[in-house]
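In case you want the letters, here they are:
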Amino acid sequence: MLRKSINRSLLLIENDRVDEMAMLRVLAKEEIQYTVTVARRLSEARHILSEYHFDIVIADYDLPDGYAFELEDKLINQVVIFITGAGSEEVAARAFKLGISDYLIKDHERNYLRLLPNRIDAVIQQKHLTSQLNERLKEMTCLYNIRHNLDLSLSIKDISKAVMENLMKGMQFPELTGVLFNFDDKQFVSSGYDASAT
């Protein structure tokens, strides 16, 4: 059987060097290759996150210069696992409210590290499935709206305009997409259509 090589970028925000080394050892044993960037302070993580996007971010909650929650604006659209020694339900609830993908509690024996690889796979898979579901929802909404407009007593021009608007909303990358269609010997073109690109 041929195995596909997977390489994931990972930002590890961790100020405890012993925990950092333990996590790196666990990740090194996995079949998946990780390109790991380490930030030991909140300020360092903020800078890195403003420059790069990662497949996964693992963040210790309590850092020397603040709390990982302070990175909220930089963690949007990132897959994030919080790790903390303070097993507070309030911290976990707030993390999930902010859209953090998962939350692990550090223990002295570092048993949480055995869970980490499976949790990483699960949250990445969840993000992928959520993204696919959102795309299907956009497509279904587009088709529903087009069908709804066909039921209205609109002119061909108005129906075509409504179809064009809904098609653009249903595209995965509407800002990069242009639409041209012909109907009843008339041509309808979206604002993003570029004839030279065809």
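This section reports on the structure supplied with the text. All of these numbers come straight from a predicted model, not from anything done at the bench.

## Examining the sheet that holds strand β2 (residues 33-39)
For step 1, the next point in the chain: Sheet architecture is open: five strands sit in the order β2-β1-β3-β6-β7, paired in parallel fashion. Both outer strands of the open sheet, β2 and β7 (102-105), are each paired with one neighbouring strand and no more. Strand after strand, the sheet turns through a mean of 20 degrees between neighbouring axes, direction not considered.
For step 2, the next point in the chain: Of the strands in this sheet, β1 (7-13), β2, β3 (56-60), β6 (80-84) and β7 are in contact with helix α4 (residues 112-151), which crosses β7 at around 180 degrees.

## A word on the pattern of salt bridges
For step 1, the next point in the chain: Following the criterion strictly, the structure yields eleven salt bridges and no others.
For step 2, the next point in the chain: Among the salt bridges present, the one from Glu14 reaches Lys106, with a minimum N-O distance of 3.0 Å. In this pair, Glu14 sits in the loop between β1 and α1 (17-28) while Lys106 sits in the loop between β7 and α4, placing the two residues 92 residues apart along the sequence.
For step 3, the next point in the chain: The class of Glu14 is buried, set by a relative accessible area of 0%.
For step 4, the next point in the chain: The class for Lys106 is buried, based on a relative accessible area of 16%.
For step 5, the next point in the chain: The salt bridge partner of Glu20 is Arg40, with a shortest N-O separation of 3.0 Å. Residue Glu20 is found in helix α1, and its partner Arg40 is found in the loop between β2 and α2 (42-51); the two are separated by 20 residues along the sequence.
For step 6, the next point in the chain: Residue Glu20 is classed as buried on the basis of its relative accessible area, which comes to 6%.
For step 7, the next point in the chain: On the basis of relative accessibility, which here comes to 25%, the residue Arg40 falls in the partly exposed class.
For step 8, the next point in the chain: One connected set of salt bridges, linked through shared partners, spans Glu14, Asp19, Asp60, Lys106 and Arg110.

## Here's the deal with the packing of α4 against helix α5 (residues 156-170)
For step 1, the next point in the chain: Orientation of α4 relative to α5, taken along the N-to-C sense of each, is 175 degrees, at an axis distance of 8 Å. Compared by their axis directions, α4 and α5 come out roughly antiparallel. Residues Lys138, Glu139, Cys142, Asn145, Ile146, Asn149 and Leu150 of α4 pack against Ile159, Ala162, Val163, Asn166, Leu167, Lys169 and Gly170 of α5.

## A closer look at α1
For step 1, the next point in the chain: The end-to-end C-alpha distance of α1 is 16 Å, a good match for the 16 Å that twelve residues give at a rise of 1.5 Å each.
For step 2, the next point in the chain: Looking only at α1, the buried set comprises Asp19, Glu20, Ala22, Met23, Val26 and Leu27. In an axial view of α1, the angular spread of the buried residues amounts to 165 degrees, which keeps them on one side of the axis. Away from its buried face, by an angle of more than 90 degrees, α1 presents the exposed residues Arg17, Arg25 and Ala28.

## Here we look at the packing of aromatic side chains
For step 1, the next point in the chain: Tallying each qualifying case throughout the model produces four aromatic pairs.
For step 2, the next point in the chain: Pairing Phe69 with Phe82 gives two aromatic rings, centres 5.3 Å apart and planes at 55 degrees, and the pair type is tilted. With Phe69 in the loop between β5 (66-67) and β6 and Phe82 in strand β6, this pair connects stretches of sequence that are 13 residues apart.
For step 3, the next point in the chain: Note on Phe69: relative accessible area 6%, which makes it buried.
For step 4, the next point in the chain: The class for Phe82 is buried, based on a relative accessible area of 1%.
For step 5, the next point in the chain: Every member of this aromatic cluster is reached through a ring pair, and the members are Tyr61, Tyr67, Phe69 and Phe82.

Definitions and cut-offs
- Residues numbered from 1 in each chain as written.
- Predicted model: local features only at pLDDT ≥ 70, side-chain atom pairs only at ≥ 80, totals over all residues.
- Heavy atoms only, no water.
- Pairing = 2+ DSSP bridges.
- Helix = DSSP H or I, 4+ residues; strand = E, 2+ residues; numbered from the N terminus.
- Axes fitted to C-alpha atoms, helices over the stretch in contact; angles between N-to-C directions.
- Contact = heavy atoms within 4.5 Å.
- Salt bridge = Lys/Arg side-chain N within 4 Å of Asp/Glu carboxyl O.
- Buried < 20%, exposed > 50% of the residue type's maximum accessible area, 1.4 Å probe, protein only.
- Parallel < 35°, antiparallel > 145°, perpendicular 65-115°, else oblique.
- Expected span 1.5 Å × (residues − 1).
- Arc of directions from axis to C-beta.
- Phe/Tyr/Trp six-rings, centres within 6.5 Å; stacked < 30°, edge-to-face > 60°.

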